[in-house]
Amino acid sequence: MVSDKGATMEIETFYEVMRRQGITRRSFLKFCSLTAASLGLAPGFAPKIAHAMETKPRTPVIWLHGLECTCCSESFIRSAHPLTKDVVLSMLSLDYDDTLMAAAGYQAEEIIADIRKKYKGNFILAVEGNPPLNEDGMYCIHGGRPFVEVLKETAADAKAIISWGSCASWGCVQAAKPNPTRATPVHKVITDKPIIKVPGCPPIAEVMTAVITYMLTFDRIPELDRQGRPKMFYGQRIHDKCYRRAHFDAGQFVEHWDDDAARKGYCLYKMGCKGPTTYNACSTVRWNDGVSFPIQSGHGCIGCSEDGFWDKGGFYNRVTGIHQFGIEANADKVGETVAGVTGVAIAAHAAASALSRARHKDQNKEGN
Amino acid sequence: MIVKTMDETAAGATVYVYEAPVRLWHWISALCIVVLAITGYFIASPLPSVSGEASEHFLMGYIRFAHFAAAYIFAVGFVARIYWAMVGNKNARQLFVPPPVFNLDWWAGMFHELRWYLFLEKEPRKYVGHNPLALLFMFIAITLGGLFMIVTGFALYGEGAQGWSHALFSSWVIPLFGQSQDVHTWHHMVAWGIVWFIMLHVYAAIREDIMSPQTMVSAIISGYRSFR
Ligand code: HEM
Ligand code: SF4
Ligand code: SF4
């Protein structure tokens, strides 16, 4: 899956690369129809995908790692369907991925330089993790230099950038307040390239492979929403397709982790489920070859694909706080307290008004 | 804008202040806000679970339906009221133009009103329309607050309903706040702000009805304000 250096030297088509890696034509065609299906395209698209891959020069992908935990890579290499895994990984021509490739040291760094030269403006840069900007970027070193420098340099020659996961997309936990290293999402550092955000901690494997396949086969960026996420996977909330939704609408909620309702599989809303505010494909695509997803295993969604999910108060509270004013109490606590104070103030003011009015009347009487 | 001619507010005078559409809007909105605040509270903190099959119940569904139905009425009323602000009498306009913060007279009126509430004045000034303090509070809570609730509310609504509310509101409001949870939190916080306002509003209206030389409660029912 990690191409040898020779592969980057002459320009090959995807199909040629796959054949060279021992994938049969039959498997290749199967892969094309599978891809069409996973992208929600009509069956007629399979031959188009096949044609594109037979004729188009393959697009190399450089996969850089910044401040991250490698959960995106871990997810990616577990893409469920074995066929998809083999084909996508070989097709990806991950020319450079410091976690997956065999080369190391100068040899490895040479690959980046090579691709940048040969495929200038024509390769995809996938970024896992993000650059910390404090102390001139010294909190993350890549090949002896601050990661942010490598990122900027490589991005300058890339065609498009994929921000893998919530780190690259939003900052994630390393950017949690007070963000000592000033970990910064990719789109705030690179502003002159198209960026596709594939958030999640990690993103779903099938979503990752589908996004990258779409870009490589159609040579274009999938339709994005306003926040730069592919609409086909981030267009709906977990809540919109959650199989526990019937319990939500009925008003049947888990109230404690060990109650009867939990055993019956009621809705996890009261346990702080963030499904109603989270855009991701977990409730449809699910995880680990469609085996399950967090809610199915009895735990609420924590909103891992949403911007700032790490700083939004408890994972187990439905009503969370407002941080803008530094108020950490939740909205209801603030609301009830102020309403109580207002009520007491009104009562006191009313009493004072009654007294003052009585005195006024007395004075008036005396005056008469 | 704040009318205060001697003859209009002289003791014994009666002025037609609130036209029928304004009064109707006031009471419909009041009812909507009560429904919205109560159902909103139960959306965020649902009632104890019902037992039995899910297919036999739709409690959360009905609560949300009541919220959305009241929300539509409130929003349509709000738009209609803006129209009336343009075609109605000058008192109908007061709530929909920003308070005249550059007018020293208005500030003098405001401080007079504040002193009146602090028992430092014997008499409040008379106003045909709203006094400056009341106007400021109403403008913030109802004009701005109401607008905020409509915009954030329909943004949340569009997330599930898709369609026009998604295109018109969710598509830009959600990214503006960062994410949906933030919109929920702000919608919730401002809901409390409106509750605080209503507590003060109802108290002030009743108090002024009794203590000030002008009628309040009957004015928003019949439209006529009398001065004594
Ligand atoms: C004075 C007016 C309103 C008040 C007091 C009010 C109150 C509330 C409250 C307290 C919540 C719970 C927020 C949370 O999740 O923490 C809520 C939710 C919501 N409100 Fe309102 N609201 C008002 C107007 C509106 C309007 C005009 C709409 C427009 C359709 C709207 C739509 C919604 C929606 C869609 C939700 C979320 C429901 C869900 O997550 O299931 N609201 N409201
Ligand atoms: S478990 Fe979460 S996502 Fe599912 S219906 Fe309940 S609140 Fe929505
Ligand atoms: S269910 Fe929610 S928290 Fe869990 S992986 Fe999906 S988006 Fe992330």
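Residues numbered from 1 in each chain as written. Chains lettered and ligands numbered in written order. Predicted model: local features only at pLDDT ≥ 70, side-chain atom pairs only at ≥ 80, totals over all residues. Heavy atoms only, no water.

## Considering the packing of aromatic side chains
Here's step 1: With the rule as written, the count across this model stands at 30 aromatic pairs over all chains.
Here's step 2: Ring plane angle 70 degrees and centroid distance 6.3 Å describe the contact between A:Tyr243 and A:Phe293, whose orientation is recorded as edge-to-face. On the criterion of sequence distance, the pair formed by A:Tyr243 in the loop between α10 (231–234) and α11 (245–250) and A:Phe293 in the loop between α13 (282–285) and β8 (321–322) is long-range, its members being 50 residues apart.
Here's step 3: For A:Tyr243, a relative accessible area of 41% corresponds to the partly exposed category.
Here's step 4: Since its relative accessible area comes to 3%, A:Phe293 is described here as buried.
Here's step 5: Geometrically, the ring pair formed by B:Trp164 and B:Phe169 is edge-to-face, given 6.4 Å between the ring centres and 70 degrees between the ring planes.
Here's step 6: A residue is classified by how much of its surface remains accessible, and B:Trp164, at 45% relative accessible area, is partly exposed.
Here's step 7: Through successive ring pairs, a cluster of aromatic residues spans B:Phe68, B:Tyr72, B:Phe154, B:Tyr157, B:Trp164 and B:Phe169.
Here's step 8: Positioned over the ring face of B:Trp25 is B:Arg81, at 4.9 Å from the centre of the ring. (Phe/Tyr/Trp six-rings, centres within 6.5 Å; stacked < 30°, edge-to-face > 60°. Helix = DSSP H or I, 4+ residues; strand = E, 2+ residues; numbered from the N terminus. Buried < 20%, exposed > 50% of the residue type's maximum accessible area, 1.4 Å probe, protein only. Lys NZ or Arg CZ within 6 Å of the ring centre and 35° of its normal.)

## Quick notes on the packing of helix α6 (residues 132–161) of chain B against helix α7 (residues 163–177) of chain B
Residues and elements named next belong to chain B.
Here's step 1: For the pair α6 and α7, interaxial distance at closest approach is 7 Å and the crossing angle is 110 degrees. In terms of orientation, α6 and α7 fall into the roughly perpendicular class. Contacts between α6 and α7 involve Phe 148, Val 151, Thr 152, Phe 154, Ala 155, Tyr 157, Gly 158, Glu 159 and Ala 161 from the former and Gly 163, Trp 164, Ser 165, His 166, Phe 169, Ser 170, Trp 172, Val 173, Ile 174 and Phe 177 from the latter.
Here's step 2: Taken together, the residues that form the contact of α6 with α7 break down as twelve nonpolar, six polar and one charged. (Axes fitted to C-alpha atoms, helices over the stretch in contact; angles between N-to-C directions. Parallel < 35°, antiparallel > 145°, perpendicular 65-115°, else oblique. Contact = heavy atoms within 4.5 Å. Nonpolar A, V, L, I, M, F, W, Y, C, P; charged D, E, K, R; others polar.)

## A closer look at helix α2 (residues 25–38) of chain A
All names here are of chain A.
Here's step 1: With 14 residues, α2 extends 20 Å between its outermost C-alpha atoms, agreeing within 8% with the 20 Å of an ideal straight helix rising 1.5 Å per residue.
Here's step 2: Buried residues of α2: Phe 28, Phe 31, Cys 32, Thr 35 and Ala 36, and no others. End-on view of α2: buried residues confined to an arc of 135 degrees, all on one side of the axis. Opposite the buried face of α2, at more than 90 degrees from it, the exposed residues are Arg 26, Lys 30 and Ala 37.
Here's step 3: Just past α2, the residue Gly 40 takes up positive phi, approximately 70 degrees. (Expected span 1.5 Å × (residues − 1). Arc of directions from axis to C-beta.)

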